[in-house]
Amino acid sequence: MSAPSGPARNRVDPFGDVVAAPGLGAWMGNRGRLHDGAGSRDVRRHHVGRAWITCALDFRGRRVRQWDPGHYTPLFFLDEATALAAGHRPCAECRRADYTRFRDLVAAAPGTTHLPATGLDRLLHEERWDTRRRTRRLHAYAWGDLPDATFVLLASGPAVVRGDDLLAWQPDNTYAASAVERPRTGTASVITPPSSVEALRAGYPVQVGPL
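Cut-offs used in this document
- Residues numbered from 1 in each chain as written.
- Predicted model: local features only at pLDDT ≥ 70, side-chain atom pairs only at ≥ 80, totals over all residues.
- Heavy atoms only, no water.
- 1 Å grid on protein atoms, 1.4 Å probe; cavity = no way out; pocket = protein on both sides within 12 Å on 5 of 7 lines; lining within 4 Å.
- Points joined across faces, edges and corners; volume = space filled by probe spheres on them.
- Helix = DSSP H or I, 4+ residues; strand = E, 2+ residues; numbered from the N terminus.
- Nonpolar A, V, L, I, M, F, W, Y, C, P; charged D, E, K, R; others polar.
- Core = buried A, V, L, I, M, F, W, Y, C linked by side-chain atoms within 4.5 Å.
- Buried < 20%, exposed > 50% of the residue type's maximum accessible area, 1.4 Å probe, protein only.
- Contact = heavy atoms within 4.5 Å.
- Polar contact = N/O pair within 3.5 Å; in protein donor to acceptor, adjacent residues only side chain to side chain.
- Salt bridge = Lys/Arg side-chain N within 4 Å of Asp/Glu carboxyl O.
- Phe/Tyr/Trp six-rings, centres within 6.5 Å; stacked < 30°, edge-to-face > 60°.
- Lys NZ or Arg CZ within 6 Å of the ring centre and 35° of its normal.
- Pairing = 2+ DSSP bridges.

Could you give me a rundown of the layout of surface pockets, with the residues and numbers involved?
As a volume, the largest pocket reaches approximately 430 Å³. What lines the largest pocket is a set of 20 residues, among which M28, A56, L57, V64 and Y72 lie closest to the centre. Broken down by secondary-structure element, the contributors of at least two residues to the lining of the largest pocket are β3 (27-30) and β4 (53-55). Taken together, the residues that form the lining of the largest pocket break down as 13 nonpolar, 3 polar and 4 charged. Of the volumes computed, that of the second largest pocket is approximately 150 Å³. Around the second largest pocket, the lining is made up of 14 residues, and of these S156, P158, A168, W169 and Q170 lie nearest the centre. Where the lining of the second largest pocket is concerned, the elements lending two or more residues are β11 (157-162) and β12 (165-170). Considering each element in turn, the lining of the second largest pocket owes the most residues, 5 residues, to β12.

Here is the structure:
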């Protein structure tokens, strides 16, 4: 049997869907074992559990086999803005400082003084996923109330806020070469979960675009 060609289905788009697209991306992700076994280069499940995390590509020299039976499925993001839009949060092991800062900023928004990892994961899962309908949740915000690195849904697809502009994410896992102007009035359909939007608003530093 010949080896499969083309990109594997292990990249994540801003909606949180696992897609086949070029490029490994700047970050790795984990939301459980989504594949059935070695060799398939495909996923069978959207997610397992509520813990959706974003990891560094390199941590203490560890190597993760992509389709290892019984192991979680490594996923890849173009940038951290895409990972946050998808509903992932920083890993508490390989990105401890980022995780602590993100968690504390999320906890501060509703006035919470203590937010354990399980509580953070539960909160994000409720914001990103409609369990009854098994679909992605979107959130309404005023266009002028969106911090940089927030993802919104346009008629043409997802786009990231960049100052007064919007930069469209494309199916080949890149951004469009040119931006469009952000509307000044009206309501945006926001993909990024509200807790992550509040962390961005409070100053969580996020990487946008390829490293």
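For the nonpolar core, give the residues involved together with the corresponding values.
The biggest cluster of nonpolar side chains holds 22 residues, and the ones touching the most others in it are F102, L120, F151, Y175 and Y204. For this core, the element with the most residues is helix α2 (residues 96-108), which contributes 5 residues. Contact partners of Y204, with chain neighbours within four places excluded, come to E80, L84, P90, R95, D98, R101, F102, L105 and A199. Listed in part, the 12 residues of the second largest apolar core include V18, W67, L75 and F77.

Describe the side chain of H88, with residues and values.
Topologically, H88 is positioned in the loop between α1 (80-86) and β6 (89-90). Polar contacts involving the side chain of H88 include one to the side chain of R31, which spans 3.1 Å. For H88, the side chain forms a polar contact with the main-chain oxygen of I53, separated by 2.8 Å. Apart from residues lying up to four places away in sequence, H88 is in contact with N30, R31, W52, I53, T54, F77 and A83.

I'd like a description of the pattern of salt bridges, backed by residues and values.
Under the defined criterion, the tally for this structure stands at 8 salt bridges. When the shortest N-O distance is used, the salt bridge between D121 and R89 registers 2.9 Å. Residue D121 is located in helix α3 (residues 117-128), and its partner R89 is located in strand β6; the two are separated by 32 residues in the primary sequence. Residue D121 shares its accessibility class with R89, and that shared class is buried.

Go over the packing of aromatic side chains with me, naming the residues and quoting the values.
Each aromatic ring pair is described using two quantities: the centre-to-centre distance and the angle formed by the ring planes. With the rule as written, the count across this model stands at 2 aromatic pairs. When the centroid spacing of 5.4 Å and the interplanar angle of 75° are considered together, the rings of F102 and Y204 count as edge-to-face. Linking F102 in helix α2 with Y204 in the segment after α4 (194-201), this pair joins segments that are 102 residues apart in sequence. Each member of the pair, F102 together with Y204, is buried. One Lys or Arg, R95, reaches over the ring of W27 and ends 4.1 Å from the middle of that ring.

Could you give an account of the environment of R41, naming the residues involved and the relevant values?
With respect to the element layout, R41 can be found in the loop between β3 and β4. For R41 and L124, which are 83 residues apart along the polypeptide, the C-alpha to C-alpha distance reads 28 Å.

So what's going on with unusual backbone geometry? Which residues, and what values?
Its identity is not glycine, yet A149 carries a phi of approximately 80°, on the positive side. Tracing the backbone through its elements, the reader meets A149 in the loop between β9 (139-142) and β10 (151-154). Unlike most non-glycine residues, N173 shows phi in positive territory, near 65°. Checked against the element boundaries, N173 lands in the loop between β12 and β13 (174-175). Judged by relative accessible area, N173 falls into the buried class, the value being 4%.

How would you explain the pairing of β3 if you had to name every residue and give the values?
In β3, alternate side chains face the same way, and those of W27 and G29 on one face and M28 and N30 on the other are all buried. Sheet topology note: the β3/strand β5 (residues 75-77) ladder contains 3 bridges and is antiparallel. Considered in β5, the bridge of W27 is made with F77. In this sheet, β4 lies alongside β3 in antiparallel orientation, the contact comprising 3 bridges. Counted as the bridge partner of M28 is C55 from β4.

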